[in-house]
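Structural description and commentary
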Amino acid sequence: MDNTPKEVDIFVDLYADLVIRINQLLREKGITKKELAEKLEKQPSEISKWLGGEHNFTLRSLAKLSAELGEPLLEVPKKKTQTEFVEDGFICRAHTFVSYRKVEPSPKGKEWLLPVESEPSNELSYGT
């Protein structure tokens, strides 16, 4: 198991999560696997393969399942909107995935600020 490639671990986890979620939705909505097969114009044996770990879902099959079950099955995180502001004549853009560090003025009164060794924080500090 220690030699299992990372992508295989990720695939197995995602597949298991999908199968569990699909089965939960079928139970919640009172839909049988046979009824799902009919709605998707598939053979019941194909649905059994999907839900038994013998199928590699395509985005199209996941989209069809989501549409039929009325719930999203796969969500991709969206990049959050950036914040833009002007500071000392510079356009500054801050993304939610950027970590900020405490800064202090550079020697000899230069305009650039130098990072100070510290733990990253979510607060933006300005040098004086």
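Quantities reported herein were computed from a predicted structural model and do not represent experimental measurements.

**Section: the layout of surface pockets**
Volume-wise, the second largest pocket comes out at about 150 Å³. The element that contributes the greatest number of residues to the lining of the second largest pocket is helix H1 (residues 6-29), accounting for four residues. Of the residues belonging to the lining of the second largest pocket, the class tally is seven nonpolar, one polar and no charged.

**Points about the nonpolar core**
In this structure, Ile22, Leu36, Phe57 and Leu65 are the most contacted members of the largest nonpolar core, which totals 18 residues. Going through the elements one at a time, H1, helix H2 (33-39), helix H3 (44-51) and helix H4 (59-69) are the ones with two or more residues in this core. Counting residues per element, this core draws most heavily on H1, at six residues. What Phe57 contacts, discounting residues up to four positions off in sequence, is Tyr15, Leu18, Ile22, Trp50, Leu62 and Leu65.

**Remarks on the pattern of salt bridges**
Pairing is possible between side chains of opposite charge, provided their charged atoms come close. Applying the stated criterion across every chain, the model contains two salt bridges. Close ionic contact of Arg21 with Glu28 constitutes a salt bridge, the shortest N to O distance being 3.9 Å. Residue classification places Glu28 among the exposed residues on the basis of a relative accessible area of 58%. Here Glu71 and Arg21 are joined by a salt bridge, their closest N and O atoms 3.8 Å apart. With Glu71 in the loop between H4 and strand S1 (83-87) and Arg21 in helix H1, this pair connects stretches of sequence that are 50 residues apart.

**Structural notes on the packing of H1 against H4**
One can describe the packing of H1 onto H4 by two numbers: an axis separation of 11 Å at closest approach and a directional angle of 25°. Accordingly, the angle class assigned to the pair H1 and H4 is roughly parallel. The hand of the H1/H4 crossing is left-handed. Counted together, Leu18, Ile22, Leu25, Leu26 and Lys29 of H1 and Leu62, Leu65 and Leu69 of H4 form the full contact between these two elements.

**Here's the deal with the packing of H1 against H3**
Running from N to C, H1 and H3 point in directions that differ by 130°, and their axes come no closer than 9 Å. Taken together, the axes of H1 and H3 lie oblique to each other. Contacts between H1 and H3 involve Tyr15, Val19, Ile22, Asn23 and Leu26 from the first element and Lys49, Trp50 and Leu51 from the second. Looking at side-chain class alone, the contact of H1 with H3 contains six nonpolar, one polar and one charged residues.

**Observations concerning the environment of Lys33**
Tracing the backbone through its elements, the reader meets Lys33 in helix H2. Lys33 gets classed as partly exposed once you look at its relative accessible area, which sits at 41%. Once the C-alpha coordinates of Lys33 and Leu51 are considered, the two residues, 18 residues apart in sequence, prove to be 9.3 Å apart. Not counting the four nearest positions on each side in its chain, Lys33 is found in contact with Asn23, Leu26, Ile47 and Leu51.

Reading the values: rules and limits
Residues numbered from 1 in each chain as written. Predicted model: local features only at pLDDT ≥ 70, side-chain atom pairs only at ≥ 80, totals over all residues. Heavy atoms only, no water. 1 Å grid on protein atoms, 1.4 Å probe; cavity = no way out; pocket = protein on both sides within 12 Å on 5 of 7 lines; lining within 4 Å. Points joined across faces, edges and corners; volume = space filled by probe spheres on them. Helix = DSSP H or I, 4+ residues; strand = E, 2+ residues; numbered from the N terminus. Nonpolar A, V, L, I, M, F, W, Y, C, P; charged D, E, K, R; others polar. Core = buried A, V, L, I, M, F, W, Y, C linked by side-chain atoms within 4.5 Å. Buried < 20%, exposed > 50% of the residue type's maximum accessible area, 1.4 Å probe, protein only. Contact = heavy atoms within 4.5 Å. Salt bridge = Lys/Arg side-chain N within 4 Å of Asp/Glu carboxyl O. Axes fitted to C-alpha atoms, helices over the stretch in contact; angles between N-to-C directions. Parallel < 35°, antiparallel > 145°, perpendicular 65-115°, else oblique. Left-handed = near helix turned anticlockwise from the far one by under 90°.

Functional significance is not addressed by these values, which are geometric in nature.
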